[in-house]
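Here is what each chain is made of, one letter per residue.
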2 protein chains.
Amino acid sequence: MDIEALTQGVLDREARAVARAISLVEDGRPELATLSAGIYRHTGSAATLGLTGAPGVGKSTLATALVRAARAAGQRVAVLAIDPTSPYTGGALLGDRVRMQEHATDPDVFIRSMATRGHLGGMALAAPEAVRILDAAGFDLVIVETVGVGQAEIDVAAATDTAVVVLAPGLGDAVQMAKAGILEVADVFVVNKADREGAPAVVRELRQMLHLGPPRPWDPPVLATAATTDEGLAELWSTIEEHARWADASGARDEKRRERLLREVESLGAERLRLELTAALQADADLLARLAAREVDPYGAADELAGRMRA
Amino acid sequence: MDIEALTQGVLDREARAVARAISLVEDGRPELATLSAGIYRHTGSAATLGLTGAPGVGKSTLATALVRAARAAGQRVAVLAIDPTSPYTGGALLGDRVRMQEHATDPDVFIRSMATRGHLGGMALAAPEAVRILDAAGFDLVIVETVGVGQAEIDVAAATDTAVVVLAPGLGDAVQMAKAGILEVADVFVVNKADREGAPAVVRELRQMLHLGPPRPWDPPVLATAATTDEGLAELWSTIEEHARWADASGARDEKRRERLLREVESLGAERLRLELTAALQADADLLARLAAREVDPYGAADELAGRMRA
């Protein structure tokens, strides 16, 4: 594969090049390092928006509405739907991309599901690189949609400029979210399907839980939407814009970006060292024999191995 | 803290020492390395049983029934309930230990919930060390109960000799489990609450999904239980024993133990190196400046950092 041509294609905003570049991320191909080095100088101008919530809360419908709002504001917008992939089955869950069809012919809209099977470190490391590709390809807004509210999804949501957490009556209640740590990373809460019974109670419960927490420089608002009837969607868009302005002016956005870049470099470095450690352990017949004979315990063996790599 | 006395207390099967040792694991205390080295020679005789499934399927009730069966067979038995802990909220979910009260006064039964807040690498690294403490303390059977069916819980379940996956009608359907990769790690399936509507359908659906997979040396049986009425509990216990005999005779158990020990040593070593990498990055003002100026991309920075640690 000609990585230089691919890199140029991404910078030239060619949809096919962007799609192929994201496939490299998905598969964790070694050429990724060259691509990453080639595009990095051209990143940093896209705003990123995380969209997280339990399955069934209506994230895809909201994403479609946000794409519409961004287009109305003259922005080029990309949606990256992160699909959880099992290391065992290797299957990827394709989200309901069908609903996005209204944007299918718009060249300034790019929609892509991404599995993270091959990438070391899973979606937490694959997502930021895919976002940078979209950033380098000149998208003004990148919406990162995750399925579910597990730790990995929370980490991905936390790594965007504005993290929107979506709830719906009867799904993904606030107590569960508090346990998962999602309350702390959200910048905006949306209670979708607001026309359903129980929605006002979810809004109330959420606001109460937020008041129990420590005060934060940005107080995350709780909005009610009904994506199917457009209720609350204009307010959601203006709230997202308001948060972006606040994060820009306060320095919170740059601080968050700097922090997550450091975490990413650490994780990438740790994954490399882990591969070397695995190879070193497999090759160390003596250490394996002593482990099997219980002459050295796992902590001691790990210390020996890590120490030897440093030497 | 006197770690030598604590180690001796564990080997002398003192309940208080065992509880304190598990607290060391929970908090990820540095003394853990000494304790681990002191007990490791005395481990390897306990059988381990994983009990995994979505919240509400009745795992605790089943655990209680299994404790009763193990006691009837003359075994000393420990239950380790792994509580998911958020890195953000730091809160631990205490399971419903109340149901275990029938065993509260039995000195040959040890029940403990464990959060994994402080341990590097989370529950995947904390659980095996806690299991070894219980093993060294002379328990014949260690039941590891996890809450939920996320990747971390699956990893913990997969790291036991016999992984039992529990389902119930209307909760945690088989398709979700297939996506999560749990079908591949289960040795025994239990459809609990078999007296409820929909239970036979869950059994049927599960058997169909299992038939779609590749043939395995041990074909995981699907049992129906109603823990509240004791239905199927004797069969569950005898199936678990049957699996243990097969795994012993076939060599599958020793192979699985050897494999998970290697993975654990790798993970422990990788966590150590990661800490050093974090410190190295924080101290490297030049690299941080070049990252900020986009002169080096995250992959390139990770390579530099990992390379320097090796030198």
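What counts and how
Residues numbered from 1 in each chain as written. Chains lettered and ligands numbered in written order. Predicted model: local features only at pLDDT ≥ 70, side-chain atom pairs only at ≥ 80, totals over all residues. Pairing = 2+ DSSP bridges. Helix = DSSP H or I, 4+ residues; strand = E, 2+ residues; numbered from the N terminus. Axes fitted to C-alpha atoms, helices over the stretch in contact; angles between N-to-C directions. Contact = placed C-beta atoms within 7 Å. Parallel < 35°, antiparallel > 145°, perpendicular 65-115°, else oblique. Nonpolar A, V, L, I, M, F, W, Y, C, P; charged D, E, K, R; others polar. Buried ≥ 20, exposed ≤ 12 C-beta atoms within 10 Å, placed from the backbone. Left-handed = near helix turned anticlockwise from the far one by under 90°. pLDDT = per-residue confidence, 0-100.

This part takes up the sheet that holds strand E1 (residues 47-52) of chain A. Residue and element names in this part refer to chain A. If you trace the seven strands from one edge of the open sheet to the other, you get E3-E2-E4-E1-E5-E6-E7, paired in parallel fashion. The open sheet is flanked by strand E3 (109-114) and strand E7 (222-224), the only strands paired with a single partner. Neighbouring strand axes in the sheet, compared pairwise and without regard to direction, differ in orientation by 20° on average. Where strand E2 (residues 77-82) and strand E4 (residues 141-146) come together, six bridges link them in parallel fashion. Looking across to E4, one finds that Val-77 is bridged to Leu-141. Sitting on the sheet, helix H5 (residues 122-136) touches E1, E2, E3 and E4, and the angle it makes with E2 is about 165°. Set on the sheet, helix H9 (residues 199-212) makes contact with strand E5 (162-167), strand E6 (188-191) and E7; between it and E7 the angle comes to about 175°.

Here we take up the sheet that holds strand E1 (residues 47-52) of chain B. Residue and element names in this part refer to chain B. As summarised here, the arrangement of the seven strands in space is E3-E2-E4-E1-E5-E6-E7, forming an open sheet in which the pairing is parallel. Edge positions in the sheet fall to strand E3 (109-114) and strand E7 (222-224), since each has one partner strand and no second. Going from strand to strand, the sheet's axes swing by 20° on average, the running direction of each strand aside.

Turning our eyes to something else, we now look at the packing of helix H13 (residues 298-310) of chain A against helix H3 (residues 32-39) of chain B. Taken N-terminus to C-terminus, the directions of H13(A) and H3(B) make an angle of 120°; their axes are 7 Å apart at the nearest point. Between H13(A) and H3(B), the angle falls in the class oblique. In contact with A:Pro298, A:Tyr299 and A:Gly300 of H13(A), H3(B) contributes B:Leu32, B:Ala33, B:Ser36 and B:Ala37. Of the residues assigned to the contact of H13(A) with H3(B), the class counts are five nonpolar, two polar and no charged.

So, about unusual backbone geometry. Positive phi outside glycine occurs at A:Lys193, with the angle close to 60°. Along the chain, A:Lys193 falls in the loop between E6 and H9. Classification of A:Lys193 by C-beta neighbours within 10 Å gives buried; the count is 24. Of note in this structure, B:Arg13 is not a glycine but carries a positive phi near 65°. By secondary structure assignment, the location of B:Arg13 is in the loop between helix H1 (3-11) and helix H2 (15-27).

Residue and element names in this part refer to chain B. At a closest axis distance of 10 Å, the pairing of H1 and H3 adopts a crossing angle of 40°. Considering the angle they form, H1 stands oblique to H3. Considering how the two elements wind past one another, H1 and H3 form a crossing that is right-handed. The residues of H3 that touch H1, namely those facing Ile-3, Leu-6, Thr-7, Val-10 and Leu-11, are Thr-34, Leu-35, Gly-38 and Ile-39. When its residues are assigned to classes, the contact of H1 with H3 shows six nonpolar, three polar and no charged.

Per-residue confidence for chain A gives a mean pLDDT of 86; residues scoring 70 or more make up 87%. Across the interface, the model reports ipTM at 0.83; the global pTM reads 0.76.

We now examine the pairing of E1(B). Looking along a regular strand, one sees the side chains alternate between the two faces of the sheet. Residues and elements named next belong to chain B. Among the six residues in E1, six count as buried, and that is most of the element. Residues Ala-47, Leu-49 and Leu-51 point to one face of E1 and Thr-48, Gly-50 and Thr-52 to the other, with burial holding for every one of them. Both E1 and strand E5 (residues 162-167) contribute to a ladder of four bridges, which runs parallel. In the sheet register, Leu-51 faces E5, and the bridge partner there is Val-164.

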